[in-house]
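# Summary of structural features
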Amino acid sequence: MTTGHGVLDRLWLAVPAVSFGGILVSALAIFAAGDLMYVDHPMWGIGLWANIAASFMLCLYAYTRPRKDFVALLAPMYAVIIFLVGDFSTGPVMQVLFAASITILAVRVEKKFQ
């Protein structure tokens, strides 16, 4: 563990909070609107952009560590390919899987790459 107690030392906690929080906000917005939770509902865009933002936060956190994690540094590229460029479903299942994977990466960077 690092000796500093700055904001960047706790940034790894924001990665799951932002990614899963965005998915939760999307689901609550759809529920509050009274719509059915279809996979292609436009409100899932909130979770999509939250996952992209969380991947950039993970990259920033990995960059500030003394030892660099190449996979975490490339997380924004994966997010852009999966959510913006690729021909994948960007619905809630893909968002939850991506949020889980970057959460695992954030814990990995925190525990292994100090």
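Basis of the calculations
Residues numbered from 1 in each chain as written. Predicted model: local features only at pLDDT ≥ 70, side-chain atom pairs only at ≥ 80, totals over all residues. Heavy atoms only, no water. Helix = DSSP H or I, 4+ residues; strand = E, 2+ residues; numbered from the N terminus. Contact = heavy atoms within 4.5 Å. Axes fitted to C-alpha atoms, helices over the stretch in contact; angles between N-to-C directions. Parallel < 35°, antiparallel > 145°, perpendicular 65-115°, else oblique. Left-handed = near helix turned anticlockwise from the far one by under 90°. Phe/Tyr/Trp six-rings, centres within 6.5 Å; stacked < 30°, edge-to-face > 60°. Buried < 20%, exposed > 50% of the residue type's maximum accessible area, 1.4 Å probe, protein only. Lys NZ or Arg CZ within 6 Å of the ring centre and 35° of its normal. Core = buried A, V, L, I, M, F, W, Y, C linked by side-chain atoms within 4.5 Å. Patch = residues over 30% accessible without salt bridge, like charges linked within 9 Å, V, L, I, M, F, W, Y side chains within 5 Å. Areas by Shrake-Rupley, 256 points an atom, 1.4 Å probe, with all protein chains shown as cover. Salt bridge = Lys/Arg side-chain N within 4 Å of Asp/Glu carboxyl O.

### Overview of the overall build of the chain
A tally of helices and strands in the chain yields five helices and zero strands. Helices and strands in the chain line up, N terminus first, as α-α-α-α-α. Counting only C-alpha atoms and orienting by the principal axes, one finds that the chain spans roughly 50 × 30 × 15 Å. Long-range contacts, defined here as pairs at least 24 residues apart, represent 66% of the contacts in the chain between residues at least 6 apart.

### Focus: the packing of helix H2 (residues 45-64) against helix H4 (residues 75-85)
Running from amino to carboxyl end, H2 crosses H4 at an angle of 165°, the nearest separation of the two axes being 8 Å. Comparing the axis directions of H2 and H4 gives the class roughly antiparallel. Relative to H4, the crossing made by H2 is left-handed. Residues Leu 48, Trp 49, Asn 51, Ile 52, Ser 55, Phe 56, Leu 58 and Cys 59 of H2 lie in contact with H4, whose contacting residues are Ala 75, Pro 76, Ala 79, Phe 83 and Leu 84.

### Considerations on the packing of aromatic side chains
According to the stated counting rule, one finds one aromatic pair in the structure shown. Consider the rings of Phe 83 and Phe 98, whose centres lie 5.2 Å apart with planes at 85°: the pair is edge-to-face. Taken together, the residues span a long stretch of sequence, with Phe 83 in helix H4 and Phe 98 in helix H5 (residues 92-112) at a distance of 15 residues. Of the two residues, Phe 83 and Phe 98, both sit in the buried class. Lying across the ring of Tyr 63, Lys 68 places its NZ or CZ 5.2 Å from the centre.

### Comments concerning the nonpolar core
With 20 residues, the main nonpolar core has Val 15, Leu 58, Phe 83, Phe 98 and Ile 102 as its most contacted residues. Sorting the residues of this core by element identifies helix H1 (11-33), H2, H4 and H5 as the ones contributing at least two each. Take this core: its biggest share by element is seven residues, from H2. Apart from residues lying up to four places away in sequence, Phe 83 is in contact with Leu 48, Asn 51, Ile 52, Thr 90, Met 94, Gln 95 and Phe 98.

### A few points about the environment of Phe 56
By secondary structure assignment, the location of Phe 56 is in helix H2. A relative accessible area of 47% means that Phe 56 is categorised as partly exposed. Remark: the alpha-carbon pair of Phe 56 and Leu 36, spanning 20 residues in sequence, is separated by 31 Å.

### Here we look at a nonpolar patch on the surface
A cluster of nonpolar side chains, contributed by Val 71, Met 77, Tyr 78, Ile 81 and Phe 88, occupies part of the molecular surface with about 420 Å² of accessible area. Topologically, Tyr 78 is positioned in helix H4.

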